Amino acid sequence: MALLASTVHAERRERARELGARYDFAEGPLRLYLAVVDAQERAFERALADGPGAEEIAAYAVRVALPGVMEAAVAAGTETLREAVLLRFAEGDLEGIVEAWLRGEQQGGTDTFLARAAAAPVLEALPEVAAALRSAESDDRRCPRCGGLPQLAFFPDTGEALLTGQRTLVCSRCAGEWVLSRMTCASCGETAGAKMPILSDVDHFPHVRIDACEICRRYLLTIDLRKDPRAVPLVDELVALPLDLAAAERGYSKISRNLMGF
Ligand SMILES: [Zn+2]
Ligand SMILES: [Zn+2]
């Protein structure tokens, strides 16, 4: 298990460095991400070792994960983020911020960033704790483990040209994965293909596309590992900012904003 943990975070780190060299515009967010992923790796491993219960998860994330996340944000974040984080550190209700994020409530950018960066690795390490967040009413567009919204979709690299892997969604809360038909809107469940435009920028992002929906005006990014087997979906999704801007210009909003708020 510990071996698996370090592999996941090492892959994310390596991919972030690779993409930083490829995309100039992503240098700043990736520098912050690289600092945060170190803190998340430590939180993940601590959570595996400590095994906190679901009822204490916000307090645990604040105590064990948040200090490292705040340090990372102060060291590698923008001036604006740094100032906002220092203010939260001095007077914020940190546990309340994490609890609100766990309940899926809308919060300001800094609070969402801090809560998510700190709590997500704990949920990722402890699936049974994530499962305690799931509410009774759920559907196939929500994470079967925790009930969270999808962050992105990906097509796995099956290693065989003629064999298409199933579209897989990744949870924005616990990083759990589940399969949803590619012909179903991941937000509203629409199934008419004509209502679900696909937008892309094949020159700059040959392996990433926008899957949008004209019915609910939502979209998510889909990472195609068949076109870039080295992609790490959670990391590649962070750097496709030009695609997010293109979607916003057309009036679509993302089902779930990513860690960096895009
Ligand atoms: Zn989940
Ligand atoms: Zn829809």
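Residues numbered from 1 in each chain as written. Chains lettered and ligands numbered in written order. Predicted model: local features only at pLDDT ≥ 70, side-chain atom pairs only at ≥ 80, totals over all residues.

A.B. asks: What is the right way to look at the pairing of strand β5 (residues 208–212) in this model?
C.D. replies: Consecutive side chains along a regular strand alternate between the two faces of the sheet. Burial analysis of β5 places 5 of its 5 residues in the buried class, the great majority of the element. Where β5 lies against strand β6 (residues 218–224), 5 bridges are found, and the strand directions are antiparallel. Looking at the pairing, Ala212 lines up with Tyr219 of β6. The antiparallel hairpin formed by β5 and β6 contains 5 residues in its connecting segment, where Arg217 sits at a positive phi of about 65°. (Buried ≥ 20, exposed ≤ 12 C-beta atoms within 10 Å, placed from the backbone. Helix = DSSP H or I, 4+ residues; strand = E, 2+ residues; numbered from the N terminus. Pairing = 2+ DSSP bridges.)

A.B. asks: Looking at this model, I keep getting lost on the nonpolar core. Mind explaining?
C.D. replies: Soluble, globular proteins show a tendency: their nonpolar side chains are buried together. Counting 78 residues, the largest nonpolar core has Ala61, Val69, Val98, Leu114, Ala118, Ala119 and Val122 as the members making the most contacts within it. If you tally residues by element for this core, the top one is helix α3 (residues 57–76), at 11 residues. Looking at which domains feed residues into this core, each of domain 1 (2–131) and domain 2 (150–254) gives three or more. Once residues lying within four places of it in the same chain are set aside, the contact partners of Val122 are Ala43, Ala47, Ile57, Tyr60, Ala61 and Ala65. (Core = buried A, V, L, I, M, F, W, Y, C linked by C-beta atoms within 7 Å. Domains from an automatic or database assignment. Contact = placed C-beta atoms within 7 Å.)

A.B. asks: Hey, could you run me through α3 in this one?
C.D. replies: One turn of an α-helix holds 3.6 residues; hence residues three or four places apart share an orientation. Compared with the 28 Å implied by 1.5 Å per residue over 20 residues, the 26 Å span of α3 between its first and last C-alpha is a close match. The sharpest bend along α3 comes to roughly 50°, located at Ala65, with the proline Pro67 sitting one to four residues further on. Along α3, the residues classified as buried are Ile57, Ala58, Tyr60, Ala61, Val62, Ala65, Leu66, Gly68, Val69, Met70, Ala72 and Ala73. (Expected span 1.5 Å × (residues − 1). Bend = angle between axes of the 7 residues up to and from the residue.)

A.B. asks: I tried to follow the domain arrangement of the chain on my own but got confused; where do I start?
C.D. replies: Many analyses report the size of an interface as the accessible area lost when the parts associate. Considered domain by domain, the chain is made up of domain 1 (2–131) and domain 2 (150–254). Put simply, the middle of domain 1 and the middle of domain 2, counted by C-alpha atoms, are 23 Å apart. Top element by residues in the side of domain 1 that touches domain 2 is helix α1 (residues 2–22). It accounts for 5 residues. Per-class residue counts for the side of domain 1 that touches domain 2 are 11 nonpolar, no polar and 4 charged. (Nonpolar A, V, L, I, M, F, W, Y, C, P; charged D, E, K, R; others polar.)

A.B. asks: Explain the environment of Pro52 here, please?
C.D. replies: Its place among the elements puts Pro52 in the loop between α2 (27–50) and α3. Taking the number of C-beta atoms within 10 Å as the measure of exposure, Pro52 has 18 and is therefore partly exposed. Residues Pro52 and Val122, spaced 70 residues apart in sequence, show a C-alpha to C-alpha distance of 9.1 Å. Ignoring sequence-local partners within four residues, the contact set of Pro52 consists of Ala47, Ile57 and Tyr60.

A.B. asks: How should the pairing of strand β2 (residues 168–171) be read in this particular structure?
C.D. replies: Bridge analysis of strand β1 (residues 150–155) against β2 gives 4 bridges, and the strand direction is antiparallel. Bridging from a neighbouring strand, Phe154 pairs with Thr168 of β2. As paired elements, β2 and strand β3 (residues 177–179) share 3 bridges and run antiparallel to each other. Bridged to Leu169 within β3 is Trp178.

A.B. asks: Explain the packing of helix α5 (residues 94–102) against helix α6 (residues 109–125) to me, please; I cannot follow it from the model alone.
C.D. replies: Geometrically, a packed helix pair is captured by the angle between its two axes and the distance between the axes. Between α5 and α6, the shortest axis-to-axis distance is 9 Å and the interhelical angle comes to 80°. Viewed along their axes, α5 and α6 adopt a mutual orientation that is roughly perpendicular. When α5 is examined against α6, the residues Ile97, Val98, Trp101 and Leu102 are found in contact with a partner set consisting of Asp111, Thr112, Leu114, Ala115, Arg116, Ala118 and Ala119. Residues belonging to the contact of α5 with α6 are distributed by class as follows: 8 nonpolar, 1 polar and 2 charged. (Axes fitted to C-alpha atoms, helices over the stretch in contact; angles between N-to-C directions. Parallel < 35°, antiparallel > 145°, perpendicular 65-115°, else oblique.)

A.B. asks: Before we go on, may I ask you to explain the environment of Ile215 in this structure?
C.D. replies: Note that Ile215 resides in the loop between β5 and β6. Under the C-beta neighbour-count criterion, Ile215 is labelled partly exposed, with 13 such atoms within 10 Å. When the C-alpha positions of Ile215 and Met260 are compared, they lie 27 Å apart, and in sequence the two are 45 residues distant. Non-local contacts of Ile215, meaning those with residues more than four positions away in its chain, are made with Cys185, Cys188, Glu190 and Lys195.

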